[in-house]
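What follows is each chain in one-letter form.
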Amino acid sequence: MADKDVEQTDGRGYGPGPWWAGLGTWGAVALIVFGGLAAAWAFFRLPGTPEESASGYYQAARGIAIGLVIAGGTLLSRRRARTAATEETNGPERS
């Protein structure tokens, strides 16, 4: 049997990455906004707020933090790609 016919599977039994891996820039912005709304919801103690307020703030902060990390990573990768494209068209600099 050829190597191309063999399906490569992961023995651990779970997917290749976390749920937020494919969100992108707009998904990150939405996650930050949703985290802010969740924090406001917990602050005003609207229906559905956990008994302990720290739990609500923790969940909101976690969503905001994940959104900020995704947005930062996306923006950095775009900047690196733009820099690489500029260097490719200009050629290497000589010192």
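Numbering of residues starts from 1 in each chain and follows the order in which that chain's sequence is written. At least 70 in pLDDT is required for a residue's local features to be given in this predicted model, at least 80 for side-chain atom pairs to be given and counted, and no such filter applies to totals for whole chains, interfaces and linings, which use all residues. Hydrogens and water molecules were not included; the side-chain quantities draw on all heavy atoms of the structure.

### What about the overall build of the chain?
Numbering goes from the N terminus for both helices and strands, where a helix is a DSSP run of H or I of at least four residues and a strand is a run of E of at least two. Helix and strand content of the chain: 2 helices and 0 strands. In the chain, buried positions account for 16% of the 95 residues. Should any heavy atoms of two residues lie within 4.5 Å, those residues are considered in contact. Of the contacts formed within the chain by residues at least 6 apart in sequence, a portion of 57% connects residues at least 24 apart. In this scheme, a residue with accessible area under 20% of its type's maximum is buried, one over 50% is exposed, and one in between is partly exposed, where area comes from a 1.4 Å probe on protein chains only.

### Let's talk about unusual backbone geometry
The phi torsion at Arg45 lies on the positive side, around 50°, for a residue other than glycine. Position of Arg45 relative to the elements: it lies in the loop between α1 (24-43) and α2 (53-90).

### Overview of the environment of Val29
On the secondary structure map, Val29 appears in helix α1. With 35 residues separating them in the primary sequence, Val29 and Ile64 have C-alpha atoms 9.0 Å apart.

### Quick word on the side chain of Thr49
For Thr49, the position within the fold is in the loop between α1 and α2. Owing to a relative accessible area of 17%, Thr49 belongs among the buried residues under this scheme. Leave out the neighbours within four places in its chain, and Thr49 touches Trp41 and Ala42.

### As for the side chain of Thr74
Relative to the elements of secondary structure, Thr74 occurs in helix α2. Here a polar contact means two N or O atoms within 3.5 Å. Within protein one must be a hydrogen donor candidate and the other an acceptor candidate, and residues neighboring in sequence count only if both atoms are side-chain atoms. Polar contacts involving the side chain of Thr74 include one to the main-chain carbonyl oxygen of Ile70, which spans 2.8 Å. Apart from residues lying up to four places away in sequence, Thr74 is in contact with Gly24 and Thr25.

### Structural notes on the packing of α1 against α2
Across the interface, α1 lies against α2 with an axial gap of 8 Å and an inter-helix angle of 160°. Put simply, α1 runs roughly antiparallel to α2. In this structure, α1 meets α2 at a crossing whose hand is left-handed. Residues Gly24, Thr25, Ala28, Leu31, Ile32, Gly35, Gly36, Ala38, Ala39, Ala42 and Phe43 of α1 pack against Gly56, Tyr57, Ala60, Gly63, Ile64, Ile66, Gly67, Leu68, Ile70, Ala71, Thr74 and Arg78 of α2. Classification convention: Asp, Glu, Lys, Arg as charged; Ala, Val, Leu, Ile, Met, Phe, Trp, Tyr, Cys, Pro as nonpolar; all other residues, Gly among them, as polar. Residue composition of the contact of α1 with α2, grouped by class: 14 nonpolar, 8 polar and 1 charged. Angular values range over 0 to 180 degrees, each being the angle between N-to-C directions of two axes fitted as lines to C-alpha atoms, with helices fitted over their stretch in contact. Oblique is the label for every angle not falling under 35 degrees (roughly parallel), over 145 degrees (roughly antiparallel), or within 65 to 115 degrees (roughly perpendicular). Two helices that cross are described as forming a left-handed crossing if the nearer one is turned anticlockwise from the farther one by less than a right angle, and a right-handed crossing if clockwise.

Note that every value here comes from positions in space, so none of it alone points to a role or purpose.
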